[in-house]
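Inside the fold
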Amino acid sequence: MLTDIVHYIKGTYVIEAHGRFPERILNIAAARFIYVRDVKKDGENLTFSVSKRGWECLCRDVPDALELSVKQKYGFPFFF
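A brief report on the enclosed structure follows. Fair warning: this is a prediction, and the values are worked out from it, not measured in the lab. (Residues numbered from 1 in each chain as written. Predicted model: local features only at pLDDT ≥ 70, side-chain atom pairs only at ≥ 80, totals over all residues. Heavy atoms only, no water.)

Now for the overall build of the protein chain. Within the protein chain, the regular secondary structure consists of three helices and four strands. When the helices and strands of the protein chain are read in sequence order from the N terminus, they spell out α-β-α-β-β-α-β. Here the C-alpha atoms of the protein chain give a radius of gyration of 12 Å, agreeing with the 12 Å that 2.2 N^0.38 yields for 80 residues. Counting all 80 residues of the protein chain, 31% fall into the buried class. Restricting the contact set of the protein chain to residue pairs at least 6 apart, pairs at least 24 apart contribute 74%. Carbon and sulfur atoms make up 56% of the accessible area of the protein chain, which totals about 5,500 Å². (Helix = DSSP H or I, 4+ residues; strand = E, 2+ residues; numbered from the N terminus. Rg over C-alpha atoms; globule rule 2.2 N^0.38 Å. Buried < 20%, exposed > 50% of the residue type's maximum accessible area, 1.4 Å probe, protein only. Contact = heavy atoms within 4.5 Å. Areas by Shrake-Rupley, 256 points an atom, 1.4 Å probe, with all protein chains shown as cover.)

Here it is in structure tokens:
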């Protein structure tokens, strides 16, 4: 419960990765020490949640074979 409140205050993106080998984005996140949660594999797509700062870091390091799309964003920073 406390972690949900912290993630809400910081802001959270729900991301969908599709393309060749979408698991590579998890390897990139682990190498950059980005906390990824709620990972779900749906067919060939991969869905996960990441903080606002983590999303900004992942956007810079996306391989050409992958495409990331924002399914949902929620939290305190998006109200302003």
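Judged by nonpolar contacts, the single largest core of 14 residues is most densely connected at Ile-15, Ile-25, Phe-48, Val-50 and Leu-58. Those residues in contact with Ile-25 that sit more than four places away from it in its chain are Ala-17, Leu-46, Phe-48, Leu-58, Val-62, Leu-66 and Leu-68. (Core = buried A, V, L, I, M, F, W, Y, C linked by side-chain atoms within 4.5 Å.)

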